[in-house]
Amino acid sequence: MIGITSYGAYIPRLRLDRMAIFQAMGWFAPAIVMVAQGERSMCNHDEDSLTMAVAAARDCLTGKEKKAIDGAYLCSTTLPFADRQNAGILKTALNLRDDMITADFTSSLRAGTTGLLTALEVAQGGSRKNILVAAADKRETRPAFFYEMWFGDGAAALLVGDQQVIAEFKGAYTVSYDFVDHYRGAGKRYDYMWEERWLREEGYSKFIPEAVDGLFKKLGITMNDVQKVVFPCLFKAEHKAIAKKLGATPEKVIDQMHEVCGETGAAHPLVMLIAALEQAKPGDGILLAGFGQGCDALYFKVTEQITKLAPRAGVKGSLENKKTIDNYMKFLKFRGLIEPEMGIRAEAPTQTAMTVLWRKRKMLTGLVGGKCRDCGTAQFPKMDICVNPKCNHVNTQDDYEFADVPARIKTFTGDLLAVSVDPPATYGMVQFEGGGRFMADFTDCELADCKVGLPVKMAFRRRFTDDERGFSGYFWKAVPQRGAAAALPEIRFDGRVAIVTGAGAGLGRTYALELAKRGAKVVVNDFGGARDGAGTGSSSPADRVVAEIRAAGGEAVANYDNVATPEGGEKIVKIAVEFFGKVDILINNAGILRDKSFLKMDPENWNAVLAVHLNGGYNVTRPAFAVMREKGYGRIVMTTSAAGLYGNFGQTNYSAAKMGLVGFMNTLKLEGAKYNIRVNTLAPVAASRLTEDVMPPDMFERMQPDFVAGIVLYLCSENCAESGDIFNAAAGFYSRAAILTGAGEALSDGTSIPTPEEIRDHWEKINSLDGAREIGDANTAIISFMTPPAPKADSSGAAGGGAADVKGIFAKMPEAFDAAAAAGKNVVFQFSISGPGGGDWVVAVKDGACKVEAGKTEKPTTTIKMADADFLQLIAGTLDGMQAYSSGKLKVEGDIMKSQLIARLFKFGK
Ligand code: NAD
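Conventions and cut-offs
- Residues numbered from 1 in each chain as written.
- Predicted model: local features only at pLDDT ≥ 70, side-chain atom pairs only at ≥ 80, totals over all residues.
- Heavy atoms only, no water.
- Helix = DSSP H or I, 4+ residues; strand = E, 2+ residues; numbered from the N terminus.
- Buried < 20%, exposed > 50% of the residue type's maximum accessible area, 1.4 Å probe, protein only.
- Contact = heavy atoms within 4.5 Å.
- Areas by Shrake-Rupley, 256 points an atom, 1.4 Å probe, with all protein chains shown as cover.
- Lys, Arg positive; Asp, Glu negative; His and termini not counted.
- Charge placed at Lys NZ, Arg CZ, Asp CG, Glu CD.
- Axes fitted to C-alpha atoms, helices over the stretch in contact; angles between N-to-C directions.
- Parallel < 35°, antiparallel > 145°, perpendicular 65-115°, else oblique.
- Left-handed = near helix turned anticlockwise from the far one by under 90°.
- Nonpolar A, V, L, I, M, F, W, Y, C, P; charged D, E, K, R; others polar.
- 1 Å grid on protein atoms, 1.4 Å probe; cavity = no way out; pocket = protein on both sides within 12 Å on 5 of 7 lines; lining within 4 Å.
- Points joined across faces, edges and corners; volume = space filled by probe spheres on them.
- Near = heavy atom within 4 Å.
- Polar contact = N/O pair within 3.5 Å; in protein donor to acceptor, adjacent residues only side chain to side chain.
- Pairing = 2+ DSSP bridges.
- pLDDT = per-residue confidence, 0-100.
- Expected span 1.5 Å × (residues − 1).
- Arc of directions from axis to C-beta.
- Salt bridge = Lys/Arg side-chain N within 4 Å of Asp/Glu carboxyl O.

Here the focus is the overall build of the protein. A count of helices and strands for the protein gives 28 helices and 35 strands. When its C-alpha atoms are laid out on the principal axes, the protein stretches across 105 × 80 × 55 Å. Each of the 910 residues in the protein was classed as buried or not, and the buried ones make up 51%. Long-range pairs, those at least 24 residues apart, make up 72% of the contacts in the protein between residues at least 6 apart in sequence. Accessible surface, the protein as shown: approximately 41300 Å² in total, 53% of it carbon and sulfur. The positive charge centre, built from 106 side chains, and the negative charge centre, built from 107, are 2 Å apart in the protein.

This is the structure in structure tokens:
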């Protein structure tokens, strides 16, 4: 079965109240009042047929597999390029495959139906399976013309194929005539219109019935087989009269939409067809006729599949999303029909480099960035190096489409000084969920509606027009979603399986209840022992919580195993798998206390606490991790404590165990990264059995566990991108804690041993946290110790000894050589500097002397490989050696420790 498999529409948000046209121009053209009812849709200043087609196509592709599309047709009489395939831009903006056919259908109002018919016949022929047909028009008229009232801007898109067909294509009949009711000469802006009567009486009234009669005869059907009749016609009365002539009763006829948007040119038959599909029931017959130099008539039968189509804006949603204006001058300005002075700032050159446009087409036209294969961080633009400071891996970026990723406003401004067709120019930083951000122009919004945190949707828009060269440049802008913050979906755990250890009371109980409330199936584990872990346990705490969850309509199962044993851990995970099939979330929460000052801390008390907290974490996590790894998904939360992070008198056992969990997390986050397993650690403070004798009673009252649950649930949620982080939570206060490493100082190149006196003399720097940062893993840390930060750039410009090129630097090396620092050193460096300014140099240091020669040596002690530009930056002090190394810009082979000598032996710019 061949037919329509999906639809989408786009009517611009702005509508012009037609009375505004009359009010401005009625003195000149009073007759236009006759058609001044309702409002017409109008493009924003950054919209045209192409941007509207992209918007409609995105709506149409909701829930559809883009890779399956093997053709894209764009139908319009107002395409931005006469010779540059517009459908090719559409395809690139949508990130469709490259091995597909693209074509523009144009120069007739019939282009929309002809494009659709061609797609259907190609699909019938079997050479292509899924073809996207988008149609759009933005037609211009001179001011105060009837057609200015009748026309509207808009777009429609249909997907044609043989799978999940919502309206089966039954057949078509076309008549083609060189009938001219209007025309637009090549290169002209406006249509030349013949008399309306000519169009009414010789055009619409003759060709539509002729095509429909031909179709009915061909298919052997009558108007009784049709439930929806779709054909555009500018004139309301004529529309009715033609329907009557065709034998269609009024309830079958789809409104021609004059009051709500006006006629959208080549797109209009398809816009009206979508309006019909939105109302259609399975079994309905739809007759579609598209007029223009003859007429295409098509017949469809709606299928059951229409009830399964994913929700989308369509015509209905597009019409609802509107802002009506009565500012006719704005309408004229947005369309370039008047030319107010834009100021000299608007004269900036706008030439587009076609080389850049081609090379960066995915980024500029398709809004494609990168996503790190190793840590999952998304970034825009895509680069060689992962931006996550804890990863920084090189060449790990896969293409990642940002257009449909949820995003929010991070910062914004309204700029009255910047050149804008619709001041103030509103722009700001947009932050995408899961990573990635960029400075975007905002559109379809008023400054007063913008708020930090407000969700935005990305829209493909015109960024500029280069009138001199006839070029339109496109990029993506952000559309703030007014009121969307309130409507944002809540965090849910439907279909997720969670294990919460120690969930019979206190914090664990609250986590379990909240997870279940939001759809998770929960394993409620609790051994049920005393506060210090003594006793043989009890099933009642876990049972009580399970009963509570079930009473509230949730799903849960109880487990009474002891986390302190490996068998206990295995059994807890086994229950989750047996009852619910998997484990998605694990909260290691079970805990006991055995506080004693250190000398009283006997091995029994020490071991008991480590067994529950640290070993308990290991015992449950190991089998759970195996299940998560297999399924490629996991969220793990460890529970630490302020006592571990910062220390607490009488809790050496507890502090050690709690900090042990942080170390456990630090490594597990690395091992879990590529399986989408994220591990974080929480340090809670809350009223519970553990704290009842520690907190003053009024404080105890206020510190309810509910205050902590929110952050734990967030850390367990699908879209939480964090992994390897520590958070504090208490009574509504939340913060991140981290292990920082200072910039430090290198006192040795690894050959001489620094003395205690040297340590003392450099203590200030060693002990300083100036320039401290977090380090993502031990390897990065070790490398950073071996390649300390480069000296600060010399503001006098003398860095690099005044040399501006790589060759110059090697020429100056003997001058920069510090003979005193070289005493006893015997080392040969091979430098391989790539790039146009690069080359090979050998730098030999022996007996306090330095020899620099161009070329290669067979047995260097250490080989340094860098690009020329990076090398210049390194020498100038603007590139940090450690960062250059960890990001892959600096490669060291041979004796890595000796590379540190370079900074000590050669003092450029000093
Ligand atoms: P709680 O005593 O109310 O709850 C802990 C639960 O763990 C109890 O129901 C207990 O039966 C269970 N449990 C103990 N040993 C177990 C074992 N071996 N196997 C299975 N279950 C076991 O205490 P809470 O305050 O809710 O503590 C929860 C976690 O939060 C603990 O890890 C604790 O160390 C940590 N924590 C709490 C606070 C706080 O202010 N409450 C502060 C820092 C850390």
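Here the narrative resumes.
The next subject is the packing of helix α14 (residues 506–517) against helix α15 (residues 540–551). Running from N to C, α14 and α15 point in directions that differ by 25°, and their axes come no closer than 10 Å. Considering the angle they form, α14 stands roughly parallel to α15. The hand of the α14/α15 crossing is right-handed. Contacts between α14 and α15 involve R509, A512, L513 and A516 from the first element and V545, E548 and I549 from the second. When its residues are assigned to classes, the contact of α14 with α15 shows five nonpolar, no polar and two charged.

The next subject is empty space enclosed by the protein. Applying the stated rule across the entire model yields five cavities of 30 Å³ or more. In this structure, the largest cavity occupies an estimated 80 Å³ of space. For the lining of the largest cavity, a count of residues per class yields eight nonpolar, one polar and four charged.

The next thing to look at is the site of the ligand. Surrounding the ligand, one finds 30 residues, the nearest of these being D526, N562, N589, Y654 and S688. In this structure, an oxygen atom belonging to the ligand sits 2.4 Å away from a side-chain N or O atom of S688. Relative to its free-state accessible area of 820 Å², the ligand is covered by the protein chains to the extent of 96%. Going through the elements one at a time, α14, α17 (603–631), α19 (652–672) and β28 (677–685) are the ones with two or more residues in the shell around the ligand.

With that settled, consider the environment of P684. Tracing the sequence through the fold places P684 in strand β28. Counting along the chain gives 44 residues from P684 to T640, while the straight-line C-alpha distance between them is 7.5 Å.

Right, let's get into the pairing of strand β7 (residues 154–161). Within β7, eight of the eight residues are buried, which leaves it mostly tucked inside the rest of the structure. Taking every second residue as pointing to the same face, both faces of β7 are buried, with G154, A156, L158 and V160 on one and A155, A157, L159 and G161 on the other. Relative to β7, strand β1 (residues 3–10) is paired through seven bridges, and the arrangement is antiparallel. When the sheet's bridge partners are listed, Y10 is paired in β7 with A155. For strand β6 (residues 131–137) and β7, the ladder comprises seven bridges, and the chain directions are antiparallel. Bridge pairing links A135 to A156 in β7.

Let's shift gears to the pairing of strand β13 (residues 294–302). In the case of a regular strand, side chains alternate between the two sheet surfaces. With respect to burial, β13 is a largely interior element, eight of its nine residues being buried. Relative to β13, strand β8 (residues 167–176) is paired through nine bridges, and the arrangement is antiparallel. Considered in β13, the bridge of F169 is made with F300. As consecutive antiparallel partners, strand β12 (residues 285–291) and β13 are separated by two residues, and within that stretch G292 has a phi angle of approximately 150°, a positive value.

The next thing to look at is the sheet that holds strand β31 (residues 826–834). Taken together, five strands build an open sheet; the order of strands is β33-β32-β31-β34-β35 and the sheet is mixed. In this open sheet, the two edge strands, each paired with only one partner strand, are β33 (849–854) and β35 (891–894). If you compare each strand with its neighbour and ignore which way they point, the axes differ by 20° on average. As paired strands, β31 and strand β32 (residues 839–846) are joined by eight bridges and run antiparallel to one another.

Strand order in the open sheet formed by three strands is β3-β2-β14, with mixed pairing between adjacent strands. A strand with exactly one partner marks an edge of an open sheet, and here the two such strands are β3 (39–41) and β14 (323–325). Strand-to-strand twist in this sheet, taken as the mean axis angle between neighbours without regard to direction, amounts to 35°. Here helix α1 (residues 18–25) sits on the sheet and contacts β2 (14–17) and β3; the angle it forms with β2, its principal contact strand, is near 45°.

Looking at the element boundaries, T501 is found in the loop between β23 (497–500) and α14. Among the polar contacts made by the side chain of T501, one reaches the main-chain amide nitrogen of N589 at a distance of 2.8 Å. There is a polar contact of 2.9 Å between the side chain of T501 and the backbone nitrogen of A590. Here T501 is in contact with N525, V563, L586, I587, N588, N589, A590 and V620, once residues within four sequence places are set aside.

Moving on, we get to the confidence of the model for the protein. Averaged over every residue, the pLDDT of the protein is 92; residues scoring 70 or more account for 97%. Taken as a whole, residues 789–801 scores under 50 in pLDDT and shows 25 contacts with residues more than four places along the chain or in a different chain.

It is worth spelling out the side chain of E263 at this point. Secondary-structure assignment places E263 in the loop between α7 (236–246) and α8 (268–279). With sequence-adjacent residues up to four places away left out, E263 is seen in contact with R139, W150, F151, G152, Y204, P232, C233, L234 and H268.

Bringing the packing of helix α4 (residues 111–125) against α8 into the picture now. One way to put it is that α4 packs onto α8 with a least axis distance of 7 Å and a crossing angle of 70°. It follows that α4 is roughly perpendicular to α8 by the angle criterion. Listed contacts from α8 to G112, T113 and L116 of α4 are P269, L270 and L273. For the contact of α4 with α8, a count of residues per class yields four nonpolar, two polar and no charged.

Here we take up helix α16 (residues 566–580). The end-to-end C-alpha distance of α16, which contains 15 residues, comes to 21 Å, matching closely the 21 Å that a straight helix rising 1.5 Å per residue would cover. Of all the residues in α16, the buried ones are G568, G569, I572, V573, I575, A576 and F580. Considered in projection along α16, the buried side chains sweep an arc of 145° and stay on one side of the axis. The exposed set on the far side of α16, more than 90 degrees from its buried face, consists of E567, K574 and E578. Of the surrounding secondary structure, the elements contacted by the buried residues of α16 are β23, β24 (521–525), β25 (555–559) and α17. Two residues or fewer after α16 comes G581, characterised by a positive phi angle close to 90°.

A word on the pattern of salt bridges. Summed over all chains, the structure comprises 48 salt bridges. Residue E490 is joined to R518 by a salt bridge in which the shortest nitrogen-to-oxygen separation is 3.6 Å. A residue pair is termed long-range when its members are at least 10 positions apart, and E490 in the loop between α13 (484–487) and β23 and R518 in the loop between α14 and β24 qualify at 28 residues. Taking the relative accessible area as the measure of exposure, E490 reaches 49% and is therefore partly exposed. Residue class for R518 comes out partly exposed when judged on its relative accessible area of 26%. The shortest N-O distance in the salt bridge between E893 and K865 comes to 3.2 Å. With a gap of 28 residues between them, E893 in strand β35 and K865 in strand β34 (residues 862–867) connect regions that are remote in the sequence. The partly exposed category is assigned to E893, whose relative accessible area is 37%. Where salt bridges share partners, they join D46, E47, D444, R461 and K477 into one cluster.

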